[in-house]
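Fold and contact review
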Amino acid sequence: MRTFIATYHPHYKELIHIGIPIVIGQIGIVLVGLADNIMVGRYDTLHLAAASFVNSAFNIPILFGLGFSYGLTPLVGQCFGRKDKFRIGQLLKHSLIANGLTGVLLTLVMTVLYFNIDRLGQPQELLPLIRPYYLLQLASLVFVMLFNAFKQFADGITDTRTPMYIMISANVLNIIGNYILIYGKLGIPPLGVTGAGISTLASRILMLAAFIVIFCRSRHYRRYFTGYKRSQSNRKDFFTLNRMGWMIGVQMGLETALFSITGIMIGWLGSIALASHQVMVAISTLGFMVYYGIGAAVSVRVSNYYGQGDLLNARRTTAAGFHLILCLAVAASCIFFFSKDIIGWLFTDSPEVIEMVSTLVLILIAYQFGDSLQITYANSLRGIGDVTSMAVISFIGYIVIALPVCYLCGFVFDWGIQGVWAGYPVGLTLTGILLCLRYYRDLRCKTHSLTTTNA
């Protein structure tokens, strides 16, 4: 046991040091989402169902965009290990260009979907509520993408506190804005779900503005800012960031697509099922974002070790990350289990939704291990640059296998929303196992290559 602790203790310490601010920032995002859902749910169940549909639709581009921005982190991490601050500023410039263009592209894609909302089989009474909220989410996509570029730059240089403080401040303002606009305070008429959309858009604009000011004026970022200003754009860096970003974005987007597409399927079951799905997605996202904070730290540490050719410590930091994420998953599962009868009550007074949520919590617990596995090894593969395999495996696990299982259990076997949710543990666990096997195969191949070269 002493040997085990001595081996992994330094890695636990570093991962916690880097990961905790990321976790806090991620929790802040999720808590605002929870606050949105709770406030909207207390306002009206139909407004909650409308928010469920729009949030399910936008989870795909938003998490794809987050994944796209993650392509910057391992590149910055390797440069940070070499203390090349000028080069990091150059990479940030290219990342802002790539992220901005990707944000415009995602906006165009989601605009096409907007004009086809009425063809997606959602309840007719929700459409007047869905449309304005959808447009407000649409307007915020580019701001989200540009902020992500700054955040991944900061995470890559292990300055995880600055984005944490910005996100927390913006989230507090968002909650205040929700209270005023949803319920109609300070002489403003109650706007319901539309008010939540306005507040979210304003907070995302403020987050980007705050980071721009800090980056340009902070003494801590001065050398990076110099590299940003004086560096020239080049195709090689732009294409490298795009190759990394698109593969990581596809990987994250595929997992989100599983939940979002099945969310559309659940809409076929009615407003009660859709509102219950929204509650469960909000709760499960809380766990996912916490785990992913540690996963992001794993990616940074693995990229540093991999760039130095230190494969032993790359392997150890991955194992340490899995230990930490698994402990968090066990703690989260206990909380979910003992609060399963009150989770729905936090969001709505509807007895049908509360009862349905309590039955779905057990399925949520069933896929926590698979979630831990896939988050750890997806980030480890990202750290060593094997992003193509990561995307292919995710496509197989989430789309080829899990999505058909969701449809079969939910509609062919007629198990309803519980059947749809039964496909999630299958997809997440299988994907996690395949990612794990691929990661250790890559390390064995790299070790063999180094041994041959040295010989």
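Residues numbered from 1 in each chain as written. Predicted model: local features only at pLDDT ≥ 70, side-chain atom pairs only at ≥ 80, totals over all residues. Heavy atoms only, no water.

Here we come to the overall build of the protein chain. Assigned secondary structure in the protein chain consists of 17 helices and zero strands. Against the compact-globule benchmark of 23 Å for 455 residues, the protein chain has a radius of gyration of 22 Å, which places it among compact chains. Dimensions of the protein chain, computed from C-alpha atoms along their principal axes, come out at roughly 70 × 50 × 40 Å. Evaluated residue by residue, the protein chain yields a buried proportion of 58% over its 455 residues. Intrachain contacts of the protein chain at a sequence separation of at least 6 include 84% that bridge at least 24 residues. Total accessible area on the protein chain is roughly 18,500 Å²; 67% of this is exposed by carbon and sulfur atoms. Computed over 32 positive and 19 negative side-chain charges, the separation of the two mean positions in the protein chain equals 18 Å. (Helix = DSSP H or I, 4+ residues; strand = E, 2+ residues; numbered from the N terminus. Rg over C-alpha atoms; globule rule 2.2 N^0.38 Å. Buried < 20%, exposed > 50% of the residue type's maximum accessible area, 1.4 Å probe, protein only. Contact = heavy atoms within 4.5 Å. Areas by Shrake-Rupley, 256 points an atom, 1.4 Å probe, with all protein chains shown as cover. Lys, Arg positive; Asp, Glu negative; His and termini not counted. Charge placed at Lys NZ, Arg CZ, Asp CG, Glu CD.)

This part covers the side chain of Ser 271. With respect to the element layout, Ser 271 can be found in helix H11 (residues 271-308). If we skip the residues at most four places from it in the chain, Ser 271 touches Leu 46, Ala 49, Pro 123, Glu 125 and Leu 126.

Our focus in this paragraph is unusual backbone geometry. One non-glycine residue, Leu 186, lies in the positive phi region at around 55 degrees. In this fold, Leu 186 is placed in the loop between helix H7 (161-183) and helix H8 (193-217). Look at Leu 186 and you get exposed, because its relative accessible area is 75%. With a phi close to 60 degrees, Asp 414 is a non-glycine residue in the positive phi region. Residue position: Asp 414 is located in the loop between helix H16 (387-412) and helix H17 (416-454).

Before going further, it helps to examine the pattern of salt bridges. Applying the stated criterion across every chain, the model contains four salt bridges. As a salt-bridge pair, Asp 155 and Lys 151 come within 2.8 Å of each other at their nearest N and O atoms. Of this pair, Asp 155 and Lys 151 both sit in helix H6 (residues 141-156), four residues apart, roughly one helical turn. Owing to a relative accessible area of 2%, Asp 155 belongs among the buried residues under this scheme. Given the relative accessible area of 6%, Lys 151 is considered buried. In this structure, the salt-bridge partner of Asp 442 is Arg 438, at a minimum N-O distance of 3.3 Å. Here the residue Asp 442 and the residue Arg 438 both occupy positions in helix H17, the gap between them amounting to four residues, near one helical turn. The class for Asp 442 is buried, based on a relative accessible area of 14%. When salt bridges that share partners are traced, they join Asp 386, Arg 438, Arg 441 and Asp 442 into one network. (Salt bridge = Lys/Arg side-chain N within 4 Å of Asp/Glu carboxyl O.)

In this section: the packing of aromatic side chains. Within this structure, the stated rule accounts for 33 aromatic pairs. Between Phe 215 and Tyr 228, the ring centres sit 5.8 Å apart and the planes meet at 85 degrees, which makes this aromatic pair edge-to-face. Linking Phe 215 in helix H8 with Tyr 228 in helix H9 (residues 222-230), this pair joins segments that are 13 residues apart in sequence. Chaining the aromatic ring pairs together yields one cluster made of Phe 147, Phe 150, Phe 153, Phe 211, Phe 215, Tyr 221, Tyr 224, Phe 225 and Tyr 228. Above the ring of Tyr 228, the side-chain terminus of Lys 93 is found at 5.5 Å from the ring centroid. The side chain of Arg 382 reaches across the aromatic face of Tyr 70, ending 4.2 Å from its centre. (Phe/Tyr/Trp six-rings, centres within 6.5 Å; stacked < 30°, edge-to-face > 60°. Lys NZ or Arg CZ within 6 Å of the ring centre and 35° of its normal.)

It is worth spelling out a positive patch on the surface at this point. A cluster of like positive charges, contributed by Lys 83, Lys 85, Arg 223, Lys 229 and Arg 230, occupies part of the molecular surface. In terms of residues, the positive patch owes the most to one element, H9, which gives three residues. Mapped onto the elements of the fold, Arg 223 is located in helix H9. (Patch = residues over 30% accessible without salt bridge, like charges linked within 9 Å, V, L, I, M, F, W, Y side chains within 5 Å.)

A word on the nonpolar core. Phe 58, Ile 130, Trp 421, Tyr 424 and Tyr 439 are the most contacted members of the largest nonpolar core, which totals 108 residues. The dominant element in this core, judged by the number of residues it contributes, is H11, at 19 residues. (Core = buried A, V, L, I, M, F, W, Y, C linked by side-chain atoms within 4.5 Å.)

Let's shift gears to the packing of H11 against helix H14 (residues 351-366). At a minimum axis distance of 9 Å, the contact between H11 and H14 shows a crossing angle of 45 degrees. Taken together, the axes of H11 and H14 are oblique relative to one another. In this structure, the crossing between H11 and H14 has a hand that is right-handed. Residue-level contacts link Ile 272, Ala 273, Ala 275, Ser 276, Val 279, Met 280, Ile 283 and Ser 284 of H11 to Glu 352, Val 353, Met 356, Val 357, Leu 360, Val 361 and Leu 364 of H14. (Axes fitted to C-alpha atoms, helices over the stretch in contact; angles between N-to-C directions. Parallel < 35°, antiparallel > 145°, perpendicular 65-115°, else oblique. Left-handed = near helix turned anticlockwise from the far one by under 90°.)

This next bit is on the state of the cysteines. One pass over the full model with this rule turns up zero disulfides. Not engaged in a disulfide, the cysteine Cys 409 finds its nearest cysteine sulfur in Cys 406; these two sulfurs lie 7.6 Å apart. With relative accessibility at 10%, the residue Cys 409 sits in the buried group. Cysteine Cys 445 is unpaired, with the sulfur of Cys 436 as its nearest cysteine sulfur at 15 Å. The class for Cys 445 is partly exposed, based on a relative accessible area of 42%. (Disulfide = S-S within 2.5 Å.)

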